[in-house]
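Structural overview
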Amino acid sequence: MTDLSMQHTLSFKTVKKHYFATPLNSAITVLLAVFTAWVLWGLFNWAFLDAIWGYGKNEECRTHEDGACWSFVATRWRIVLFGLYPFEEQWRSALACIVMLVVAILSCVPVFWSAKRLPTLWVIGFATFYILMRGGVLGLTPVVERDWGGLSLTVFIFAAVCLLGMPLSIIFALLRRSEMPWIARTMALVIDVIRSLPLLSIMFTFAIVLPFVLPDWAIGDKLYRVIIGYAIFFACYQAEIIRGGMQALPAGQEEAAKALGMGYWNRVGYVVLPQAFRNALPPTINQFVITFKETSLVTIIGFFDILASGRAAAGTADWSFATIEMYVFVGLIFFVFVFSLSRYGAYLEHRLNVGSR
Amino acid sequence: MPDQAISIRAMNKYYGGFHALKDIDLDVDRGEKVVICGPSGSGKSTLIRCINRLEEHQAGTIKVNGIPLDDNVDNIDEIRREAGMVFQNFNLFPHMTILENCTLAPTLVRKQTRQQAEETAMSYLERVKIPEQAHKYPGELSGGQQQRVAIARALCMAPEIMLFDEPTSALDPEMISEVLDVMVGLAEEGMTMVCVTHEMGFARQVADRVIFMADGQIIEQAPPGEFFDNPTSERTRTFLGQVLGH
Ligand SMILES: Nc1ncnc2c1ncn2[C@@H]1O[C@H](COP(=O)(O)OP(=O)(O)OP(=O)(O)O)[C@@H](O)[C@H]1O
Ligand SMILES: [Mg+2]
């Protein structure tokens, strides 16, 4: 048994104790080490030493078997990132993504952590994103949603889901702990039902089934129906996270606010929610990470998100061999976003623990 | 203006099937200081919390400053503005500085400007002798300091009545007197006070009347001299024997 509480410093003694305790243990260690080294060397060869770089080398790549064809990325990256978005207008798509990236980074700065600043930042950022993408004003040529694709579509869906889902989750959480039992119970039931459904089935329902049920004027664009469905799904999970944060508050907090004569919304807005969000920060960030990753499900219902545009980029005859390179490229984009977000979450958790007041 | 700051008639309170308060009649005059004591579980907290509707009573009437405490939300809000409350566990808002704790309700509820509210807050923080802590967070203060802030925070709403629920019983012994001093000062200025406490020295010094509760009922009430020297009920005598330690 290893002592989990012991510090894992990599001294000679601990290495010996943990990895070379018995002959069998030593043999396994050596074998695994050799195997790992062999895999890593192979990967390194494939990705760097034997790889083909540079623009438009698909003929070379076709005959070249052992290395990666980064020429695919160099040549086709615009399709992966921007999908069907008109070629001359793709700078708008890129700029729009950068705007949202800046918004995301600014959201990590404590100065913006207030009930007014954070929503303002996101609404402004999102509006800028939409205007850049959609055009039709300020001399920008209109580009309809159907032609959006690639990274900017993924970012759009993610941002819209968060922007809609966050306030919705707060409302759900408040209804869930309403003093009127039947409201609280109905909300609990709705939350539990939606959480027990797979996201994909909700997306399908909103994309394909809902048009048969809704009156014509309420159908709207398929993209927005999917976003609304996803936002409701997000809100149900996030509502439970916020509720957890609220339950961690001592009852005395709300009582003190009541005793000071503060009304319901003031109590919620100034006393309960700020503390609940603080308590719920690590799982909230985790929820963002999951939500970003799962946007790729929209491919299945026919949206041209980054995964689909990647497939399209590697889908033509002259690049059909570059599927792996495509997935590595798309995967890397997801990885950079998700990894930095979860590192940030870990940092925050640490910071809140250290400075907990 | 009615003479009575608080007027309670035939009030009953149940927690589910449990009869927590039984036929309570209680009048508190303007400027009167009332101390409530009694064994644990006797309903002292429940009684004081019914006065500002942190708990709902089921029968009888409660009037605060002549305003009836019923389901009318405006009345409840008004009563809560008239009656400040200090809790055993301070209940300061940990995510706000001391100054923000004191200005939050005045700006939101009394619609004071921030500058007004801050000036008032600083004057009360000076009165409870901790103006230098204004920009710290509650977690950085000692228990005694936190409780003094809690008193200042309640006073910032300019209440006519102050309710105290065992304000010193969560404090280390050496901090009790700093809080009691503030309360004595408040009493001397003529504040109407209802105070659940076992600090009998305080009761003797400032109370106009001491009330003894047991099993959800008021057993005995009398001015402190009479109450401590000639308690009429056997239960009061036993209780006093315990808290006074002889
Ligand atoms: N929320 C509640 N639900 C059910 N019973 C309660 C609740 N709050 C209090 N009680 C019960 O009501 C009775 C009176 O409680 P209360 O807190 O008023 O007593 P107290 O005199 O303040 O006691 P202490 O000196 O321990 O603070 C107790 O028996 C308690 O168990
Ligand atoms: Mg009590």
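Everything numeric in this text was worked out from a predicted model, so none of it was measured. (Residues numbered from 1 in each chain as written. Chains lettered and ligands numbered in written order. Predicted model: local features only at pLDDT ≥ 70, side-chain atom pairs only at ≥ 80, totals over all residues. Heavy atoms only, no water.)

Comments concerning the overall build of chain A
If you tally the helices and strands in chain A, you get 16 helices and zero strands. With respect to the three principal axes, the spread of C-alpha positions in chain A is 75 × 65 × 40 Å. A burial count over chain A gives 43% of its 357 residues as buried. Across chain A, the fraction of contacts at a sequence separation of at least 24, relative to all contacts at a separation of at least 6, is 65%. Surface summary for chain A: the accessible area is close to 19,600 Å², and the carbon and sulfur share equals 70%. (Helix = DSSP H or I, 4+ residues; strand = E, 2+ residues; numbered from the N terminus. Buried < 20%, exposed > 50% of the residue type's maximum accessible area, 1.4 Å probe, protein only. Contact = heavy atoms within 4.5 Å. Areas by Shrake-Rupley, 256 points an atom, 1.4 Å probe, with all protein chains shown as cover.)

Quick word on helix H13 (residues 264-279) of chain A
Taken as a whole, H13(A) carries its principal kink of about 40° at Val272(A); the proline Pro274(A) stands between one and four residues after it. Among all positions in H13(A), only Arg267(A), Val268(A), Val271(A), Val272(A), Leu273(A), Gln275(A) and Ala276(A) are buried. If you follow the buried residues of H13(A), they end up packed against helix H7 (151-176), helix H11 (222-247) and helix H12 (251-259) of chain A together with helix H2 (73-82) and helix H3 (98-108) of chain B. (Bend = angle between axes of the 7 residues up to and from the residue.)

Side note on the site of ligand 1
All names here are of chain B. Every residue lining ligand 1 is accounted for by Tyr 15, Phe 18, Pro 39, Ser 40, Gly 41, Ser 42, Gly 43, Lys 44, Ser 45, Thr 46 and Glu 166. In this structure, an oxygen atom belonging to ligand 1 sits 2.8 Å away from a main-chain N or O atom of Gly 41. Measuring from an oxygen atom of ligand 1, one finds a backbone N or O atom of Gly 43 at 3.0 Å. In isolation ligand 1 exposes 630 Å². Once the protein is present, 59% of that is buried. Per-element tally for the shell around ligand 1: the top contributor is helix H1 (residues 44-51), with three residues. (Near = heavy atom within 4 Å. Polar contact = N/O pair within 3.5 Å; in protein donor to acceptor, adjacent residues only side chain to side chain.)

Overview of a nonpolar patch on the surface
All names here are of chain A. A contiguous nonpolar patch, built from Phe 204, Ile 208, Val 209, Phe 212, Val 213 and Ile 300 and spanning about 610 Å² of accessible area, is present on the exposed surface. Relative to the helices and strands, Phe 204 resides in helix H9 (residues 199-213). For Phe 204, a relative accessible area of 33% puts it in the partly exposed group. (Patch = residues over 30% accessible without salt bridge, like charges linked within 9 Å, V, L, I, M, F, W, Y side chains within 5 Å. Salt bridge = Lys/Arg side-chain N within 4 Å of Asp/Glu carboxyl O.)

Structural notes on the interface of chain A and chain B
Taken together, the contact between chain A and chain B spans 18 residues of the former and 21 residues of the latter. Buried surface at the junction of chain A and chain B, both sides included, amounts to about 1,800 Å², of which 64% is carbon and sulfur. If you look at where chain A meets chain B, you find one salt bridge. Summed over the shared surface of chain A and chain B, the number is five residue pairs in polar contact (both at pLDDT 80 or more). Looking at the side of chain A that touches chain B, the elements with two or more residues in it are H12 and H13 of chain A. Its residues placed into classes, the side of chain A that touches chain B shows eight nonpolar, five polar and five charged. (Buried area = accessible area lost by both parts, 1.4 Å probe. Nonpolar A, V, L, I, M, F, W, Y, C, P; charged D, E, K, R; others polar.)

Regarding the environment of Val213(A)
By secondary structure assignment, the location of Val213(A) is in helix H9. Spatially, the C-alpha atoms of Val213(A) and Val289(A) are 33 Å apart, while their sequence positions differ by 76 residues.

Structural notes on the sheet that holds strand E2 (residues 18-29) of chain B
Residue and element names in this part refer to chain B. Pairing in this open sheet of four strands is antiparallel, and the strands run E2-E1-E4-E5 from one edge to the other. The strands lining the two open edges of the sheet, one partner per strand, are E2 and strand E5 (67-68). Judged from the five bridges that link them, strand E1 (residues 4-15) and strand E4 (residues 59-64) form a sheet pairing that is antiparallel. Paired with Ser 7 across the bridge in E4 is Lys 63. Against the sheet, H1 makes contact with E1, E2 and E4, and its axis sits at roughly 120° relative to E1, the strand it touches most. (Pairing = 2+ DSSP bridges. Axes fitted to C-alpha atoms, helices over the stretch in contact; angles between N-to-C directions.)

Digging into the layout of surface pockets
Residues and elements named next belong to chain A. Put simply, the second largest pocket is a space of about 180 Å³. Around the second largest pocket sit Trp 46, Ile 52, Cys 61, Arg 62, His 64, Glu 65, Gly 67, Ala 68, Cys 69, Phe 321, Ile 324 and Glu 325, which together line it. Elements with a contribution of two residues or more to the lining of the second largest pocket: helix H3 (58-63) and helix H16 (323-354). Looking at the lining of the second largest pocket residue by residue, the classes come out as seven nonpolar, two polar and three charged. (1 Å grid on protein atoms, 1.4 Å probe; cavity = no way out; pocket = protein on both sides within 12 Å on 5 of 7 lines; lining within 4 Å. Points joined across faces, edges and corners; volume = space filled by probe spheres on them.)

Observations regarding empty space enclosed by the protein
Following the criterion strictly, the structure yields one cavity of 30 Å³ or more and no others. Counted as a void, the largest cavity has a volume near 50 Å³. For the largest cavity, the full set of lining residues is Ala256(A), Ala259(A), Leu260(A), Met85(B), Val86(B), Phe87(B), Phe90(B), Ala150(B), Arg153(B) and Ala154(B). Broken down by secondary-structure element, the contributors of at least two residues to the lining of the largest cavity are H12 of chain A together with strand E6 (83-86) and helix H5 (143-155) of chain B.

So, the sheet that holds strand E10 (residues 217-222) of chain B
Residue and element names in this part refer to chain B. Read from one edge of the open sheet, six strands run E6-E7-E8-E3-E9-E10, paired in mixed fashion. Among the strands making up the open sheet, the edge pair consists of E6 and E10. Taken pair by pair, the neighbouring strands of this sheet meet at an average axis angle of 20°, ignoring direction. Pairing analysis gives four bridges linking E6 to strand E7 (residues 161-165), with the strands arranged parallel. Bridge pairing in E7 places Ala 83 opposite Ile 161.

Remarks on the domain arrangement of chain A
Domain parsing of chain A yields domain 1 (3-49) and domain 2 (75-352). Look at where the C-alpha atoms of domain 1 of chain A and domain 2 of chain A centre, and you get two points 40 Å apart. (Domains from an automatic or database assignment.)

Section: the pairing of strand E3 (residues 33-37) of chain B
In regular strands, side chains alternate between the two faces of the sheet. All names here are of chain B. Most of E3 sits out of view: five of its five residues are buried. Side-chain alternation along E3 places Lys 33, Val 35 and Cys 37 on one buried face and Val 34 and Ile 36 on a second face that is also buried. Bridge count between E3 and strand E8 (residues 192-196): four bridges; the pairing is parallel. In the strand pairing of E8, Ile 36 is matched with Val 196. Pairing of E3 with strand E9 (residues 209-214), which is carried by four bridges, proceeds in the parallel orientation. Paired with Val 35 across the bridge in E9 is Val 210.

Considerations on unusual backbone geometry
Residue and element names in this part refer to chain B. You will see that Lys 129, though not glycine, has its phi angle at about 65°, which is positive. Tracing the chain through its elements places Lys 129 in the loop between helix H4 (114-127) and H5. Not every positive phi belongs to a glycine, and Asp 215 is a case in point at roughly 50°. By secondary structure assignment, the location of Asp 215 is in the loop between E9 and E10.

Regarding the packing of H11(A) against H13(A)
Residue and element names in this part refer to chain A. With their axes 7 Å apart at the nearest point, H11 and H13 run at an angle of 105° to one another. Judged by the angle between their axes, H11 and H13 are roughly perpendicular. Contacts between H11 and H13 pair Gln 238, Ile 242, Gly 245 and Met 246 from the former with Val 272, Leu 273, Ala 276, Phe 277 and Asn 279 from the latter. Of the residues in the contact of H11 with H13, the class split is six nonpolar, three polar and no charged. (Parallel < 35°, antiparallel > 145°, perpendicular 65-115°, else oblique.)

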